[in-house]
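What follows is the residue order along each chain.
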Number of protein chains: 4
Amino acid sequence: MKSYMQEKLDTFKQQNENRARLLINCPDQPGIVAAVSKFLYEHEANIIESNQYSVDPEGGEFFIRIEFEAPDLKEKAEKIKQDFQEIARAFSMDWKLTYVDEIKKMAIFVSKEPHCLLELLWEWQSGDLMADISLVISNHETSRDMVERLGIPYYYIPANKDIRAEVEQKQIELLKQYDVDVIVLARYMQILTPHFVDVHKHKIINIHHSFLPAFIGANPYERAYNRGVKLIGATSHYVTDDLDEGPIIEQDISRVDHKDSAEAMKKIGQSVERSVLARAVKWHLEDRIIVHGNKTIVF
Amino acid sequence: MKSYMQEKLDTFKQQNENRARLLINCPDQPGIVAAVSKFLYEHEANIIESNQYSVDPEGGEFFIRIEFEAPDLKEKAEKIKQDFQEIARAFSMDWKLTYVDEIKKMAIFVSKEPHCLLELLWEWQSGDLMADISLVISNHETSRDMVERLGIPYYYIPANKDIRAEVEQKQIELLKQYDVDVIVLARYMQILTPHFVDVHKHKIINIHHSFLPAFIGANPYERAYNRGVKLIGATSHYVTDDLDEGPIIEQDISRVDHKDSAEAMKKIGQSVERSVLARAVKWHLEDRIIVHGNKTIVF
Amino acid sequence: MKSYMQEKLDTFKQQNENRARLLINCPDQPGIVAAVSKFLYEHEANIIESNQYSVDPEGGEFFIRIEFEAPDLKEKAEKIKQDFQEIARAFSMDWKLTYVDEIKKMAIFVSKEPHCLLELLWEWQSGDLMADISLVISNHETSRDMVERLGIPYYYIPANKDIRAEVEQKQIELLKQYDVDVIVLARYMQILTPHFVDVHKHKIINIHHSFLPAFIGANPYERAYNRGVKLIGATSHYVTDDLDEGPIIEQDISRVDHKDSAEAMKKIGQSVERSVLARAVKWHLEDRIIVHGNKTIVF
Amino acid sequence: MKSYMQEKLDTFKQQNENRARLLINCPDQPGIVAAVSKFLYEHEANIIESNQYSVDPEGGEFFIRIEFEAPDLKEKAEKIKQDFQEIARAFSMDWKLTYVDEIKKMAIFVSKEPHCLLELLWEWQSGDLMADISLVISNHETSRDMVERLGIPYYYIPANKDIRAEVEQKQIELLKQYDVDVIVLARYMQILTPHFVDVHKHKIINIHHSFLPAFIGANPYERAYNRGVKLIGATSHYVTDDLDEGPIIEQDISRVDHKDSAEAMKKIGQSVERSVLARAVKWHLEDRIIVHGNKTIVF
């Protein structure tokens, strides 16, 4: 599979060697688009895709994502970045320029339930998840086999709340060693410390089930079943210190009915988790997400 | 419109004059279906549609809904009911036999926002809601015009928590006067007393918005917006004493994204409320719902 | 209802008196966005929403729709249009500038089946279809009552293939008299002549059922039923000379199963037709559609 | 993975060793359900799930699928079958009794595009496809690696229309050797002869893309793109002599828009094909499908 994947990645890189993405947010004011598009034009960049959003055109925040192509991009990349500083200052921009062919390095954290991990591996195998899955870290041995068979390193780090600090220390070292860009919690059932979260701000993506109404606390599926809910949902979000309260990236639901037992609902919930997480991760990889306050703009 | 509707209702009644629905729940045990189907066969009833469900085939609860047709149904209706007592006793059944051509009489309660009322009126006009909308009760005058134009009586009963008892007294009298079978709270923003709810057990259908996660309390749309939710939902349920916690009949969601303002989300939420309520009401009218504990079986 | 609608329309107009939409398509080349956004900036217009699309960034076609707000728009409208000529020429643009508060005047054509007409009237009553429904033209009297009750003129023009020319002559006169901007064929079962279509190019919106696979010819629902299809669809498109082959605006489907008779499938199909047509019409009213060749770009 | 799968299969078999499914179709007449349910009751079988459907209660066809559980099922299986003959004769039934723990043996045929094969392997790995994937047959070598890694035999049989007879001869021998119950054409791009189809009547499941409208002939995605379709679909069906015209099992669609190139549409189409085929295969494995004429009843 690795070679099949490598081929896909190589083709992708080659096709995108002159492509970049510019993400900007700044206070809204007239002239932003004019300035940015003039800048790109003068640097011979052709806009491929452009999405923008104003919270409130009068005095709110402005967001834009531009994907562009420029001949010999790599050679003028530094100059583009430098030249852009001036515009950025003039409009008080937060901005980021990424190169499409710089494939992001991803770590996947998983506990016992493998469904989300399997989904990511599957999307990756299908060539639909353009990432370098650098390593998998787990507090269980369950998934070692299916990970290593694909040629991906698997690190077993037992964890519990008493040894949290040293566990996270080991994890942070591995993440540094592999120079990881994004961490996906694919049903990793350990709480992360504020320190760990701070170090990887807006770089940790989590997934959890969601219900209408919420069934907070133990046995949510049992209680959802007893209430006869008709929908089972899942939410993917960036991890912040406030547990499960970070900026939402994606949500979805699946219908259930009275015939679905609590166990069946759980399985359906896992299926929703899989697809919601996969979409959230893809959007992150494609630099489609801007975090603003406690919400996301997904272009 | 009234004449167009009357024509539809008449055709419907005529087509269904020999049709009935049998709804049963009882402790599960072998032989129930055998006994019931033998009974219907012996009474010359032909099964048109049959749905059943066992919570747990070994010692759980059993539910069945059978729609059947029998020649000269009205003449033997009484005998069928009498004869069925024996089976019902043998299996400790809760059961109900309804005639399809006995159109249910409905009261709609509404406050200021007309979207759910309008939806029900529209479905009714389209011939897709087979009910006799006997009256509309409101604590506002807003919707009088659109209701009366369709030939439906509109009762304005101002309401607030200080005069709740007398308000409900007036309402109960109207409901008796019109011999109402089902009450739909189409965004009626007054709390009902336990007394009112008791008198109309499993006959009051409510609708409210729902979020993932829940935003309980004031300004839910504002808070959902600030969290950047990607789904807006609605839940329809039977009203019990436990506010908004009764058995869920139907739920659905609609996608939103960052471009939707809190106000736009509210509008989208209203659209979901409309369709969810309409489906819940239709299923009730078709006797498709069995309430069991705090959940519904919807056949 | 008319007064309720009038109030909604007035509020809408007032809120949008300084808003306009600029739709452009032209051969793609670097600098288009830069030029247009600079132009708007210089005319004190603030971009509210902007969507663009390049068929193929290298030498293909470029499309953009910009919604903007400019103080005292009406006073400078003429100057804006005049000044824009220069840019339009430089980039060989097809372009259109519309004012959001200029509500479009709509004619609805209908035959016997009223479901699509009813949907449009309903959306209009709900304030979700910002059009002036100027008149309804029908070759049947069926829907007169429900149309006139809403204060909309209803013209009965009997039609058949032998008198097509004179029928269309009458229709064209009415459309001129009411200065109609868009014609919606809400299940109007008469074929239009090439002449009629030419006169109203890209201004006639049609709706028809669609199947997978197609069941071309007579009794499509019967044949779809016999084949056991699991989906029933509908397609809305602009009318061109090539019957039912014009640019598709919107499509959707609804699930069916073996329990749905051919008649039930037809009803489900009508429900899909209703919502697909309503969406297509709204997008047209909001100037969201650019026709290019035989396809649409819907922003 | 094989061991993980084996464990899942063993658990499944054990949990279902007393479960069976009875599928019946016969001319409708009063008393069928009464007779069958009495029979099961007398043979100590407890009904777990029951679905029925009458084309037309008066003189049409009747279909029923009953899943039941009976203690020591295997010991009395023969007697049940024998005893049932009498009822079957009385009502002129077509019927079939299957045991849930008799896992079906499946052959997958594939050509060059692996997406459907991968989906089936993935569902199988996840424990969601309860089949014994006995072998994969292909006219290409492309997928050998991913199949053999999972411990499944892979047979490469080059094929073209000139050697069709001998190719099918080899295939039939392999299918016999592995005692295969069901053949899935997972994008197998060779036409099957009437002989091959006859030998495996209602045992070959195919998948193909579908469009609204249909784009029959070459380059369907290119043409769909040029027409600006908004939906891309897929259809799974049993193979009959009439190419792609056999009884439809399942269909679904995915939305596309103008931004999707013909190539992107193809990818989206493949994604729909994957999920539609997987659902169709699962329903077949669970004996949920009755073929009647050229349509399916899916319970």
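Residues numbered from 1 in each chain as written. Chains lettered and ligands numbered in written order. Predicted model: local features only at pLDDT ≥ 70, side-chain atom pairs only at ≥ 80, totals over all residues. Heavy atoms only, no water.

Undergrad: Teacher, can you tell me more about the interface of chain A and chain C here?
TA: Bring the parts together and some accessible area is lost; that lost area is often taken as the interface size. Facing the 17 residues of chain A at the interface are 18 residues of chain C. Around 1,600 Å² of area is buried between chain A and chain C when both sides are counted, 56% of it from carbon and sulfur atoms. Taken together, the connections running from chain A to chain C amount to zero salt bridges. Between chain A and chain C we count three residue pairs in polar contact (both at pLDDT 80 or more) in total. For the side of chain A that touches chain C, the elements supplying multiple residues, two or more each, are α2 (32–42) and β2 (46–54) of chain A. Per element, the largest residue contribution to the side of chain A that touches chain C is six residues, and it comes from β2 of chain A. (Contact = heavy atoms within 4.5 Å. Buried area = accessible area lost by both parts, 1.4 Å probe. Salt bridge = Lys/Arg side-chain N within 4 Å of Asp/Glu carboxyl O. Polar contact = N/O pair within 3.5 Å; in protein donor to acceptor, adjacent residues only side chain to side chain. Helix = DSSP H or I, 4+ residues; strand = E, 2+ residues; numbered from the N terminus.)

Undergrad: So what exactly am I meant to see when it comes to the side chain of N25 of chain B here?
TA: All names here are of chain B. If you trace the backbone, N25 turns up in strand β1 (residues 19–27). The buried category is assigned to N25, whose relative accessible area is 11%. In this structure the side chain of N25 is engaged in a polar contact, spanning 3.3 Å, whose partner is the side chain of E61. With near-sequence residues (within four places) excluded, N25 lies in contact with E61, F62, F63, S92, M93, D94, I290 and H292. (Buried < 20%, exposed > 50% of the residue type's maximum accessible area, 1.4 Å probe, protein only.)

Undergrad: Is there a simple way to explain the domain arrangement of chain A in this structure?
TA: All names here are of chain A. According to the domain assignment, chain A consists of domain 1 (15–99) and domain 2 (104–298). Taken together, the twelve residues of domain 1 in the interface contact eight residues of domain 2. If you look at where domain 1 meets domain 2, you find three salt bridges. Across the pair R21 and D287 runs a salt bridge, and its minimum N-O distance is 3.0 Å. Applying the counting rule to domain 1 against domain 2 returns seven residue pairs in polar contact (both at pLDDT 80 or more). For the side of domain 1 that touches domain 2, the elements supplying multiple residues, two or more each, are β1 (19–27), β2, β3 (61–69) and β4 (94–99). In terms of residue class, the side of domain 1 that touches domain 2 is made up of five nonpolar, two polar and five charged. (Domains from an automatic or database assignment. Nonpolar A, V, L, I, M, F, W, Y, C, P; charged D, E, K, R; others polar.)

Undergrad: Would you explain the relation of the copies chain D and chain C in this entry?
TA: Superposition of the two copies of the chain requires a rotation about an axis together with a shift along that axis. Each copy of the sequence occupies a distinct position, and chain D is placed on chain C by a rotation of 180 degrees and an axial shift of 0.0 Å, giving an RMSD of 0.0 Å. The relationship between the two copies is best expressed as a two-fold rotation axis. An overlap of 100% is found between the interface residues of chain D and their copies at the interface of chain C, pointing to a shared contact surface. (Least-squares fit on C-alpha atoms with pLDDT ≥ 70 in both.)

Undergrad: Help me out: how do you make sense of the interface of chain D and chain C in this one?
TA: Between chain D and chain C, the contact holds 33 residues from the first and 33 residues from the second. Counting the surface lost from both chain D and chain C, the interface buries some 2,900 Å², and carbon and sulfur atoms represent 51% of this. Its largest share of buried area at the contact with chain C, chain D owes to L212, R227 and H258 of chain D, together 26% of the area lost on that side. Remark: the boundary between chain D and chain C carries five salt bridges. Note that E250 of chain C is salt-bridged to R255 of chain D, the shortest N-O span being 2.6 Å. One can count 21 residue pairs in polar contact (both at pLDDT 80 or more) joining chain D with chain C. Those elements that provide at least two residues to the side of chain D that touches chain C are α8 (220–227), β11 (248–255) and β13 (295–298) of chain D. If you tally residues by element for the side of chain D that touches chain C, the top one is β11 of chain D, at seven residues.

Undergrad: Before we go on, may I ask you to explain the relation of the copies chain A and chain C in this structure?
TA: Take chain A, turn it by 180 degrees, move it 0.1 Å along the axis, and it overlays chain C with an RMSD of 0.0 Å. Comparing interface residues between copies, 100% of those in chain A also sit at the interface in chain C, which points to an isologous, same-surface contact.

Undergrad: How should helix α8 (residues 220–227) of chain B be read in this particular structure?
TA: Along α8 of chain B, the residues that are buried comprise P220, Y221, A224, Y225 and R227 of chain B. Within α8 of chain B, the buried residues cover an arc of 165 degrees as seen down the axis, which keeps them to one side. If you follow the buried residues of α8 of chain B, they end up packed against β2, β11 (248–255) and β13 (295–298) of chain A together with β9 (204–210), β10 (231–238) and α9 (262–285) of chain B. Phi turns positive one or two residues past the end of α8 of chain B, at G228 of chain B, with a value near 70 degrees. (Arc of directions from axis to C-beta.)

Undergrad: For this particular structure, what's the right way to read the packing of α2 of chain A against helix α3 (residues 73–90) of chain A?
TA: All names here are of chain A. Relative orientation of the contacting elements α2 and α3 amounts to 155 degrees, with a least axis distance of 11 Å. When the axis of α2 is compared with that of α3, the two are roughly antiparallel. For the pair α2 and α3, the sense of crossing is right-handed. Contact with α2, carried on its side by A35, V36 and F39, involves I80, D83, F84 and I87 of α3 and no other residues of that element. Split into classes, the residues belonging to the contact of α2 with α3 amount to six nonpolar, no polar and one charged. (Axes fitted to C-alpha atoms, helices over the stretch in contact; angles between N-to-C directions. Parallel < 35°, antiparallel > 145°, perpendicular 65-115°, else oblique. Left-handed = near helix turned anticlockwise from the far one by under 90°.)

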